[in-house]
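The residues making up each chain are set out below.
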Amino acid sequence: NTNVVEPGIHANQFVWNTKLQVLDLFANQLATVSNHQFATLTALATLRMNDNQLNHLDAHLFVNNALLKEINVLNNPLDFVLAGCELPSRTVLNCSHGKLKTTPQLSRFANVPSATIATIDLSANALQSIDSTFFQDYVQLTQVNVSHNQLAAPLAYGLFKNNPMLTDIEFQGN
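Keep in mind the model is a prediction, meaning the values are calculated, not measured. (Residues numbered from 1 in each chain as written. Predicted model: local features only at pLDDT ≥ 70, side-chain atom pairs only at ≥ 80, totals over all residues. Heavy atoms only, no water.)

Concerning the overall build of the chain
- Scanning the chain for helices and strands turns up one helix and ten strands.
- When the helices and strands of the chain are read in sequence order from the N terminus, they spell out β-β-β-α-β-β-β-β-β-β-β.
- Relative to a compact globule of 174 residues, whose C-alpha radius of gyration would be 16 Å, the chain shows 17 Å and is just as compact.
- Along the longest, intermediate and shortest principal axes, the C-alpha atoms of the chain span 50 × 35 × 25 Å.
- Burial statistics for the chain: of 174 residues in total, 41% are counted as buried.
- When contacts within the chain are restricted to residue pairs at least 6 apart in sequence, long-range pairs at least 24 apart make up 56% of them.
- Summing over all exposed atoms, the chain offers an accessible surface of approximately 8,800 Å²; the carbon and sulfur share of this is 52%.
- Counting 8 positive and 12 negative side-chain charges, the chain places the averaged centre of each group 5 Å from the other. (Helix = DSSP H or I, 4+ residues; strand = E, 2+ residues; numbered from the N terminus. Rg over C-alpha atoms; globule rule 2.2 N^0.38 Å. Buried < 20%, exposed > 50% of the residue type's maximum accessible area, 1.4 Å probe, protein only. Contact = heavy atoms within 4.5 Å. Areas by Shrake-Rupley, 256 points an atom, 1.4 Å probe, with all protein chains shown as cover. Lys, Arg positive; Asp, Glu negative; His and termini not counted. Charge placed at Lys NZ, Arg CZ, Asp CG, Glu CD.)

Description of the packing of aromatic side chains
- Here the structure, examined in full by the defined rule, presents six aromatic pairs.
- Taking the centre distance of 4.9 Å and the plane angle of 85° together, the rings of Phe-134 and Phe-135 count as edge-to-face. Summarising the burial analysis for this pair, Phe-134 and Phe-135 share the class buried.
- With a centroid separation of 6.2 Å and 35° between ring planes, the pair formed by Phe-134 and Tyr-138 is classed as tilted. (Phe/Tyr/Trp six-rings, centres within 6.5 Å; stacked < 30°, edge-to-face > 60°.)

Brief notes about the sheet that holds strand 3 (residues 70-72)
- As summarised here, the arrangement of the three strands in space is 1-2-3, forming an open sheet in which the pairing is parallel. Bordering the open sheet on either side are strand 1 (22-24) and strand 3, each of which pairs with just one other strand. For this sheet, the mean angle separating the axes of adjacent strands, direction not counted, is 5°. (Pairing = 2+ DSSP bridges. Axes fitted to C-alpha atoms, helices over the stretch in contact; angles between N-to-C directions.)

Observations regarding the side chain of Asn-76
- By the secondary structure assignment, Asn-76 is in the loop between strand 3 and helix 1 (79-82).
- Relative accessible area serves as the criterion here: at 2%, Asn-76 is assigned to the buried category.
- Here the side chain of Asn-76 touches Leu-54 through a polar contact of 3.0 Å, landing on its backbone nitrogen.
- Looking at Asn-76, its side chain comes within polar contact range of the main-chain oxygen of Val-73, at 2.9 Å. (Polar contact = N/O pair within 3.5 Å; in protein donor to acceptor, adjacent residues only side chain to side chain.)

Things to note about the side chain of Ser-123
- By the element assignment, Ser-123 lies in the loop between strand 7 (119-121) and strand 8 (129-130).
- The exposure class assigned to Ser-123 is buried, which follows from its relative accessible area of 6%.
- Polar contacts involving the side chain of Ser-123 include one to the side chain of Asp-121, which spans 2.6 Å.
- With residues near it in sequence (within four places) discarded, Ser-123 still touches Cys-95, Ser-96, His-97, Asn-145, Val-146, Ser-147 and Asn-149.

Considering the nonpolar core
- Formed by 45 residues in total, the largest nonpolar core has its most connected members in Phe-38, Met-49, Phe-80, Leu-93, Phe-109, Leu-122 and Phe-135.
- Ignoring anything within four residues of it in the chain, the contact list for Leu-122 reads Cys-95, Ser-96, Leu-100, Leu-106, Leu-127, Phe-134, Phe-135, Asn-145, Val-146 and Asn-149. (Core = buried A, V, L, I, M, F, W, Y, C linked by side-chain atoms within 4.5 Å.)

A few points about the sheet that holds strand 5 (residues 92-94)
- Strand order in the open sheet formed by five strands is 4-5-7-9-10, with mixed pairing between adjacent strands. Two strands in the sheet have a free side with no partner beyond their single neighbour: strand 4 (86-89) and strand 10 (168-170). Looking at each pair of strands side by side, their axes are set apart by 10° on average, direction ignored.
- Bridge count for strand 4 against strand 5 is two bridges, and the pairing is antiparallel. Within strand 5, the residue paired with Ser-89 across the bridge is Val-92.

The quantities given are spatial measurements derived from coordinates; they are silent on function.
See the structure below:
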C-alpha cells in the first residue's frame, strides 16, 4: 500500500510549544523525525527518544536547542548506538570505556547529529585505527579523547583537517 506512512511525528507537531522544556517520546515505534522537528523548541532541556525505531538523525537536528542538556536515543537502530555509543547531550558523543563494539577499526558514523558535537570520547576501548574520515563532519569539535586504546598505526594525515575549533586532543596510553 503506497499510502502507508512510517511511524513518526508531523514535522510541525510542536511548532507552537516554544516553552516546552521536557519532551518524552520514548517507546512509540517512531521511525523518523523531521530534520527541523525541534527547531522552535528553544527552551527544550530534556529529550527522550529511546526505545523507538529511529534509524537516522539529521546532522543539524539540535542546532537551535542550545539549552538541550539531556538526550536519550538508546535502543534505536542508529549506527552509533549499535556501535555502543551514547549521545547524552547535544554536544557530547560518548563511546568510552569499552562501549565500542566496532573495534579494532573505527569508521565514520552517518547518523550522529554532528553539527553540535563538541566532545568525542573514544577512550579505553581496543581501537587499533581510526578511519581518516571519522571526524570530518564535526565542525564544532573542541575535544577528542582517544587515550588508552591500542592505536599502533600512525594517525591518518589530515584526520582533523575539518576541525578548526579543536583545542584538546588526548592520545596518551596507546
